[in-house]
Each structure stands twice: as C-alpha cells, then as structure tokens.
Amino acid sequence: MERGPTEKQLARRRSQRNRHIQQTGQLFSGLLGLNLVLLGAAVIFSMIFNTAVTLHDVGILLAICKVLSLLWFLYYIVGTMQRPWTVSHQDTHAGSIWVRGSLVLFGGFTICLNVFRVGYEVSHVQCKEQLELVFPFIEMIFTGVQTWVLWKHAKDCAQFQTNLTRCGLMLTLATNLLLWILAVTNDSTHLEIEEELVAETETETSECECAKGTLCSVFQKGFLMLYPFSTEYCLICSTVLFVMWQNVGRSLAHHGTLPRHAAPFRMHGAIFGPLLGALAMVAGVCVFVLFQIQASGSSIALWSFTLYYAFYVVVLLLMSVACVTGLVIHELEERELDMVENPTRSLDVVLLIGMPIGQMAIAYFSLVAIMASPAREDFSDLLLAYALLTVLQHVLQNLFIIGDLHRQPLWESAPRSQETVRPEAELNEGHSLIDLGMDLRRLSVAYVQSYTRLNWKRRMLKEVSFFLILCNITLWVMPAFGIHPEFKNGLEKDFYGYHAWFTIVNFGLPLGVFYRMHSVGTLVEVYLGA
C-alpha cells in the first residue's frame, strides 16, 4: 500500500511554495517599478530634448504618482494598525538612527524648499499656469507623510497582503527616483542657461524675472539654496524603501543578533582623528568661501583654482593614508566574519560600489583630457593629481568600509571566559536563579570593561573612522552647495565640447555627493563597532 507524504515532506513543500510565491511577487513588483521609472525618465528627457513635452506635463505625471503613493501609505498605516501582529518581525539592522535622522532633516528642508517654491510661483502668477501652484502643495503633503511612515516603519518585515505591499513600496520607490531624475535635469538646465549667458548683460527686467531686493528674489535664492537637500532626500528614501521591499514576508527571530549600531556613541579613544578632521573641515570652509566669492564675479582668478585643487589633493591623500591604516589594522585584528543574511548591509555594499562611478568617471575623463590636450593650463598638474587621488581614495575607502561591515561586531565575537559563563550541564543540575543572575551581571560588567578599555588597534580604528567622517562631510558640503570648478576651469569643456562635458559632470556629481553622505553613515557604524 502506497504511503502518503510525511509531515516533514509536507512542510518542505509548503516552504518551497511560499518561497516561489515570494519570488514571483518580488519579480512582478520589481518589473512594475522598472517600467514606471523608464516611462517617467522617457517623459522627463523628452521635455529636455523636445518642446512638445513641457514641465507642466512632467508635473502632472509625478503628481499622479505622489497621490497613488499617498493612498498606499494610508492603506499601509490603517492595515498595520488593524493587524499589529503582521509586523511583529523587524529587521534590527534596517532603519538606523542616522538614516531616519537624515530623513527628518532633509525632509524638513524639502518642505521648506516647496514653501519657497510656492512663494516664487505666486510672484510669477501672471506667467504661470494656475495648476502649477498645486504641485508644490502635493509634494509637501507627500514629503511629510512619507517621512513619518519611513521613520516609524523602516524596520518592518510586513506579513500581510505581501504582493500589494511590495507593489506599493516599489511605486513609492519609483516616484522618488523620478523626483531625483527631475531634480538633476532641472539643475542641469539652470546651470546650462547660466553658462551660456555668462557674458551677457541685461538692460531691463521683464515681468517674469525677479528684480533684485524684492521678495521674489528672496524666494528664488531660498529655492536654489535648498535644492541639494531635495535630491539627497529622494535618494535616502529610495534606499529605505528598497530595504523594506526586500524585508516583505521575511520571518526573523525575536532575539536575533544585536545591530551594529547598538553601542552608545562615545568620544573616548579618539583625539587626533577629530582634531585633524576639524582642521580639514575649517580649511575646506575657507577654500569654499573664497572660491564662491571669486565665482560670483565676471572671471575666476588662477590662484582660486590652484587653491581649490591643492586643498583636494592634500585631503584626498590624507584620507587614502587613513584608509590604508585601517586596512592594516583589520588584518592585525583577525576578527571573525559575519555571514548572516542582511539586506541592509547588502544594499550598503551596492551603494558604496555603485555611487562612486559618477565621480570616478569624471576623474577618468579629466585624465584623458589633461594628457591629450595640447594646451596645458597652469593648474593642470594639480588637476592630474586630483583626478588620480579621487580614484585611489574611492577604492581604498570602499575596501575599508566594506571590509569592516562584514566583520563581526565586537560584542558579538568577544570570547566568554570561564569565570563569566558556566557550562550548561551545571545549570541543568540545579544551578539557582540567584547564581544565574550573578553570572549575567558579571558578564555585563566584563563587557563594559572590555569596551571601555581600548587597546591600540581599536583606538586607531576610532581615530581613522572619525577623521574620515569629518572629511567626507567636508567633501559632501563643497560640491553640494558650491559652484563647481569642473564647469569653470575650461580645460575639459574645450576638449570634449560644452554639451558632452556638461552631461558627464551633471550626472556624475549628484552620485558623488550622495556617496559622500552615505559614507558618513557607514563610517559612523565603523566607529561604533571599533
């Protein structure tokens, strides 16, 4: 007589079926997001290359995406409130405090940007379509609701309506990517117009232009000043939404390993790193201000380019040396590797590898232009060193950060002594609860003592990581809020042509800016885990 399947076989079949359903849902929602991004990108680039598609048409498309995302946010909030058990699983590695803090900070600046945008649009109401005044209000509501949802639910591993949840997350992710693409192309258009009209003088101001000293000009300057925060906000939201999308349907143990950032932030053990980093930051601010003053005039003096590139060469060289020092310490420590599946870490690695491509591409194009150009500028040697060190520093920093992310945190890999942990057999033989509590207390004291007494390797890691944190902040602020020397030095523009070089730089720089900001967050985790 033929026997039926056993309980173990039935459980295995159910597991395989659930895995197949999960993979199908991920594939469908991923294709949905990909097609939406391609459609939106096609509309945005059509606006750039053909006047048949206007910014008004792009705004309508994005407004529809935002409204649909808001409806999904409402569904998700109501669903989690009615079924709290469906999000009982949480990924402790996701939604670190620096990520959620960045969301709130940049989200607040994005809302302020839209306030300035509303003021600017009202000042030009006679030159604008009435519907365009609605777009900033929709974006403010979208930004506020999205920031609140991601702050509260970034760690969720949703277990209800998984396919619909994946599609909602992918819809919102695609909307943020399209907002980023639009922000980059709008910035490109603004800079292109500014570059082409740099030598022209206007004799009169039309009714659609802001006169100096008016409220309209205040709105315009505020909008341009806060513009970089909007682009960074879109990329941060995209990373958080991607991790949530990967975590849909995951079942995690309630008592998993501690997250890497569980240790408190303390300044002990780091003296020279913060000091050198602060000096680099002060020097960077001075160079930044001097270059901005020069760039506001009709022409930029040669010494400004020399000072700018010399600062970058020194800082990039010191950062490269610091990364090499960190790599050597990693080899000396011989800490165990963390092989547990971690979507957040996987995404961090992908971003650390992918985001520098933009800045490294600019560096390689500059190298070719410098070596092949018959007429060399006086600062060409500095520009050549800057390009080479840019590539080297990105590679070394990625090796240092990614290598540290895959190491076991100290509190997970620290060996337990015989004095603090007793054999399980002894506990089973009637070890009292009072003695067990004393053992746990001694274990906690041993952990605190091992953490507070830093050896020289851990102290050096803290010095290196803190120095790199401050340097990356400096290299994030300068290109994010300044006039870029890549547009102004003229060497690469003359070699490649205006439009080709403009396209290369304006798509490479935003990726480089996001890389610096993302590196700051991962280096904070390196500092805490040292």
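Only a predicted model underlies this, so the values are computations on that prediction, with no experimental measurement involved. (Residues numbered from 1 in each chain as written. Predicted model: local features only at pLDDT ≥ 70, side-chain atom pairs only at ≥ 80, totals over all residues. Heavy atoms only, no water.)

Visitor: Please clarify how the overall build of the protein chain should be interpreted in this entry.
Guide: What the protein chain contains, in helices and strands, is 18 helices and zero strands. Sequence separation of 24 or more characterises 89% of the internal contacts of the protein chain that already satisfy a separation of 6 or more. A total accessible area of about 27,100 Å² is found for the protein chain, and carbon and sulfur atoms account for 66% of it. (Helix = DSSP H or I, 4+ residues; strand = E, 2+ residues; numbered from the N terminus. Contact = heavy atoms within 4.5 Å. Areas by Shrake-Rupley, 256 points an atom, 1.4 Å probe, with all protein chains shown as cover.)

Visitor: Which parts of the structure should I look at to understand empty space enclosed by the protein?
Guide: Rolled over the atoms, a probe sized like a water molecule indicates the empty space that remains. Scanning the model with the defined rule gives five cavities of 30 Å³ or more in all. What lines the largest cavity is a set of 20 residues, among which Trp98, Val99, Thr239, Thr344 and Asp348 lie closest to the centre. Listed by contribution, the elements that provide at least two residues to the lining of the largest cavity are helix 3 (97-123), helix 6 (215-247), helix 9 (343-354) and helix 18 (498-529). In terms of residues, the lining of the largest cavity owes the most to one element, helix 18, which gives five residues. Partitioned by chemical class, the residues of the lining of the largest cavity number 11 nonpolar, seven polar and two charged. (1 Å grid on protein atoms, 1.4 Å probe; cavity = no way out; pocket = protein on both sides within 12 Å on 5 of 7 lines; lining within 4 Å. Points joined across faces, edges and corners; volume = space filled by probe spheres on them. Nonpolar A, V, L, I, M, F, W, Y, C, P; charged D, E, K, R; others polar.)

Visitor: What exactly am I supposed to notice about helix 4 (residues 134-153) here?
Guide: Helical periodicity: at 3.6 residues per turn, an α-helix aligns residues three or four positions apart in one direction. In this model helix 4 runs 28 Å from its N-terminal to its C-terminal C-alpha over 20 residues, within 8% of the 28 Å that 1.5 Å per residue would give. All of the buried residues in helix 4 are Phe135, Pro136, Ile138, Glu139, Met140, Phe142, Thr143, Gln146, Thr147, Val149, Leu150 and His153. (Expected span 1.5 Å × (residues − 1). Buried < 20%, exposed > 50% of the residue type's maximum accessible area, 1.4 Å probe, protein only.)

Visitor: What exactly am I supposed to notice about the pattern of salt bridges here?
Guide: It is possible for side chains of opposite charge to pair when their charged atoms get near one another. As enumerated under the stated definition, the model contains two salt bridges in all. Among the salt bridges present, the one from glutamate 139 reaches lysine 66, with a minimum N-O distance of 3.3 Å. Residue glutamate 139 is located in helix 4, and its partner lysine 66 is located in helix 2 (residues 55-82); the two are separated by 73 residues in the primary sequence. Neither glutamate 139 nor lysine 66 differs from the other in exposure class; each is buried. Here glutamate 139 ties to arginine 117 by a salt bridge, and the two come within 3.6 Å at their closest N and O atoms. Linking glutamate 139 in helix 4 with arginine 117 in helix 3, this pair joins segments that are 22 residues apart in sequence. Judged by its relative accessible area of 9%, glutamate 139 is buried. A residue is classified by how much of its surface remains accessible, and arginine 117, at 22% relative accessible area, is partly exposed. The structure contains a network of salt bridges with shared partners spanning Lys66, Arg117 and Glu139. (Salt bridge = Lys/Arg side-chain N within 4 Å of Asp/Glu carboxyl O.)

Visitor: Quick question: what am I supposed to make of the environment of leucine 177 here?
Guide: Looking at the secondary structure, you find leucine 177 in helix 5 (residues 162-196). Dropping the residues within four chain positions of it, leucine 177 is found in contact with Val37 and Ser238.

Visitor: Sorry, what's going on with the nonpolar core here?
Guide: The nonpolar side chains of soluble globular proteins are, as a tendency, buried together. Ranked by size, the top nonpolar core spans 106 residues in total, and within it Tyr312, Phe400 and Leu468 carry the most contacts. It is helix 6 that contributes the most residues to this core, 13 residues altogether. If near-sequence neighbours (up to four positions away) are discounted, tyrosine 312 is found in contact with Tyr386, Leu475, Met478 and Pro479. By size, the runner-up hydrophobic cluster in this structure holds eight residues, among which are Ile362, Phe502, Ile504 and Leu509. (Core = buried A, V, L, I, M, F, W, Y, C linked by side-chain atoms within 4.5 Å.)

Visitor: Explain a nonpolar patch on the surface to me, please; I cannot follow it from the model alone.
Guide: Where nonpolar side chains cluster on the molecular surface, the patch consists of Ile60, Ile64, Val67, Leu68, Leu71, Leu131 and Val134 and spans about 560 Å² of accessible area. Broken down by element, the nonpolar patch gets its largest block of residues, five residues, from helix 2. (Patch = residues over 30% accessible without salt bridge, like charges linked within 9 Å, V, L, I, M, F, W, Y side chains within 5 Å.)

Visitor: I tried to follow the side chain of histidine 518 on my own but got confused; where do I start?
Guide: One can find histidine 518 in helix 18. Those residues in contact with histidine 518 that sit more than four places away from it in its chain are Trp98, Asp348, Leu351 and Leu352.

Visitor: In this structure, what is going on with the environment of glutamate 525? I would like to understand it.
Guide: Structurally, the position occupied by glutamate 525 is in helix 18. Note on glutamate 525: relative accessible area 9%, which makes it buried. Each C-alpha atom, one on glutamate 525 and one on aspartate 404, is 9.1 Å from the other, the two residues being 121 residues apart in sequence.

Visitor: Just checking my understanding: could you explain the side chain of arginine 166 for this structure?
Guide: The residue arginine 166 is located in helix 5 in this model. Within the structure, arginine 166 has its side chain in polar contact with the side chain of asparagine 163 (distance 3.3 Å). (Polar contact = N/O pair within 3.5 Å; in protein donor to acceptor, adjacent residues only side chain to side chain.)

Visitor: Quick question: what am I supposed to make of the packing of aromatic side chains here?
Guide: Scanning the entire structure with this criterion turns up 17 aromatic pairs. Judged by centre distance (4.2 Å) and plane angle (25 degrees), the rings of phenylalanine 109 and phenylalanine 229 are stacked. Here phenylalanine 229 lies in helix 6 and phenylalanine 109 lies in helix 3, a separation of 120 residues in the sequence. For phenylalanine 109, a relative accessible area of 28% puts it in the partly exposed group. Classification of phenylalanine 229 by relative accessible area gives buried; the value is 11%. Ring geometry for tyrosine 496 and tryptophan 501: centres 5.9 Å apart, planes at 10 degrees, overall stacked. (Phe/Tyr/Trp six-rings, centres within 6.5 Å; stacked < 30°, edge-to-face > 60°.)

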